[in-house]
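Below are the chains, spelled out letter by letter.
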Amino acid sequence: MTNYSKLPAILVLQDGTVYHGKAAGKIGTTTGEICFNTGTTGYQEIFTDPSYYGQIMVTTNAHIGNYGIDQEDTESDNIQIAGLVCKNYNINYSRHIADKSIQNYFEEENLVGISDIDTRSLVRHIRDKGAMNAIISSENLDPEVLKAQLKEVPSMEGLELSSLVSTKEPYFYGEEGAPTRIAVLDLGIKKNILRNFDSRQVYAKVFPARTTFEEMEEWQPDGYFISNGPGDPAAMDYAIKTIEAITDADKPMFGICLGHQMLALANGIRTQKMHNGHRGINHPVKNIIANRCEITSQNHGFGVVNEDVLSSDKVEVTHINLNDQSIEGIRLKGKKAFSVQYHPESSPGPHDSRYLFDDFIAMIKE
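Figured I'd write up the structure that's included with this text.

Scoring rules and cut-offs
- Residues numbered from 1 in each chain as written.
- Predicted model: local features only at pLDDT ≥ 70, side-chain atom pairs only at ≥ 80, totals over all residues.
- Heavy atoms only, no water.
- Helix = DSSP H or I, 4+ residues; strand = E, 2+ residues; numbered from the N terminus.
- Rg over C-alpha atoms; globule rule 2.2 N^0.38 Å.
- Buried < 20%, exposed > 50% of the residue type's maximum accessible area, 1.4 Å probe, protein only.
- Contact = heavy atoms within 4.5 Å.
- Areas by Shrake-Rupley, 256 points an atom, 1.4 Å probe, with all protein chains shown as cover.
- Lys, Arg positive; Asp, Glu negative; His and termini not counted.
- Charge placed at Lys NZ, Arg CZ, Asp CG, Glu CD.
- Arc of directions from axis to C-beta.
- Pairing = 2+ DSSP bridges.
- Axes fitted to C-alpha atoms, helices over the stretch in contact; angles between N-to-C directions.
- Salt bridge = Lys/Arg side-chain N within 4 Å of Asp/Glu carboxyl O.
- Core = buried A, V, L, I, M, F, W, Y, C linked by side-chain atoms within 4.5 Å.

### Observations concerning the overall build of the protein chain
Okay, step 1: Secondary structure assignment for the protein chain yields 11 helices and 19 strands.
Okay, step 2: Taking 21 Å as the expected radius of gyration for a compact globule of 366 residues, we find that the protein chain reaches 20 Å, a close match to that expectation.
Okay, step 3: Counting only C-alpha atoms, the protein chain reaches 60 × 45 × 35 Å along its principal axes.
Okay, step 4: Here the protein chain holds 366 residues, and 58% of them are scored as buried.
Okay, step 5: Pairs at least 24 residues apart make up 73% of the contacts formed inside the protein chain by residues separated by at least 6 positions.
Okay, step 6: As displayed, the protein chain offers around 15200 Å² of accessible surface, 45% of which is attributable to carbon and sulfur atoms.
Okay, step 7: The centroid of the 34 positive side-chain charges in the protein chain is displaced by 4 Å from the centroid of its 49 negative side-chain charges.

### Focus: helix α3 (residues 119-129)
Okay, step 1: The set of residues buried in α3 consists of Thr119, Leu122, Val123, His125 and Ile126. Projected onto a plane normal to the axis of α3, the buried residues spread over an arc of 160° and lie on a single side. Facing away from the buried side of α3, by more than 90 degrees, are the exposed residues Arg120, Arg124 and Asp128.
Okay, step 2: Positive phi appears at Gly130, one or two residues downstream of α3, with a value of about 95°.

### Topic: the sheet that holds strand β6 (residues 83-85)
Okay, step 1: The 7 strands lie next to each other as β1-β2-β8-β6-β4-β3-β9, forming a closed barrel whose pairing is mixed. Neighbour to neighbour, the strand axes of the sheet diverge by 35° on average, direction disregarded.
Okay, step 2: Two elements, β6 and strand β8 (residues 112-115), share 2 bridges in a ladder whose sense is parallel. When the bridges of β8 are listed, Val85 appears paired with Ile114.

### Considerations on the pattern of salt bridges
Okay, step 1: Under the counting rule described, the total for this entry stands at 12 salt bridges.
Okay, step 2: Glu144 serves as the salt-bridge partner of Lys147, at 3.4 Å between the closest nitrogen and oxygen. With Lys147 and Glu144 both in helix α4 (residues 143-150) and 3 residues apart, this pair spans about one turn of that helix.
Okay, step 3: Taking the relative accessible area as the measure of exposure, Lys147 reaches 26% and is therefore partly exposed.

### Comments concerning the nonpolar core
Okay, step 1: Counting residues in hydrophobic clusters, the biggest one holds 36 residues, and the most contacted among them are Leu187, Met253, Met262 and Val309.
Okay, step 2: For this core, the secondary structure elements donating two or more residues are β11 (180-185), β12 (202-207), α7 (213-217), β13 (223-226), α8 (237-248), α9 (258-265), β17 (315-321) and β18 (327-332).
Okay, step 3: For this core, the element with the most residues is α8, which contributes 6 residues.
Okay, step 4: Discounting chain neighbours no more than four positions away, the residues touching Val309 are Ile269, Val304, Val315, Val317, Ile327 and Ile330.

### Some points on unusual backbone geometry
Okay, step 1: One non-glycine residue, Asn110, lies in the positive phi region at around 60°.
Okay, step 2: In this structure, Asn110 sits in the loop between α2 (102-109) and β8.
Okay, step 3: For Gln325, which is not a glycine, the phi torsion comes out positive at approximately 65°.
Okay, step 4: Note that Gln325 resides in the loop between β17 and β18.

All quantities given are derived from atomic positions and should not be read as evidence of function.
Written out as structure tokens, the structure is:
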């Protein structure tokens, strides 16, 4: 392992702002939309969450890498973020079950990062100015060259990315003899979602993002799950058609995060790019049906348009974000379909939202 602790690196934002720091991970150059996550732990889960594909992640927690890397903590088979920005990059780690350092991990996965950045200043800047593209380089330190390179990077708005991270072939998860069978439309699914289904005696068949309803229905599932994932939901006509077909057939359906946005789009509700998005593990959400609050994990840069939801005669609101009043849960009137914007399989509450999996299975069994 090379000691990069003294090699310089540079971060350039789309608005021309420049930060100087030290190289972390592989020496090279990377681009993507810069965003920040406020979680105090769980960096490996963040790195491997397919919903972050194509994004440069700023971690607000001061120490990254301090508890090493354990393969059991991954949410997919590879690192999905495009780059990392952090304050303290800790190559030495102290967790006995960890099997490698963050530096070893990044070198294996070819991830470029930058450390020793004033992340408090950077996050305040992004929070005020909004999401934008950025470039990190530890091989070229000329800001003008990097600014020119950055101009060629497409905006996240309008990008279809789910088909890039989705499984290429269908696969099974769980026990074949389980009493409930669900078809999973993989738009960028996290492993822990499948673990939650498996622990509830569900046998899942996971299908590629562009699979049609008719192809999934051939397996004769009891219900359908629409997963999380990256990119602009409005650019995914193929998935909207699939979800329209599922609802027209009145099949039980549950969506999480991108799946929530897709259910909205399939019912005439628009989605929009958020100023910053929600990314962290402490977002308060109120279940207005049960009149209780949940502490939730979130990671999305797009959301549904509140006005469209409130004026729709097809859906009713089930959950709202207490920080900004954005709508984070809906269910279809007269149909067996519902969705939430946050991640009930994650554990910030620690299990405040796990009931949603139980509600889905109960709906299937009705």
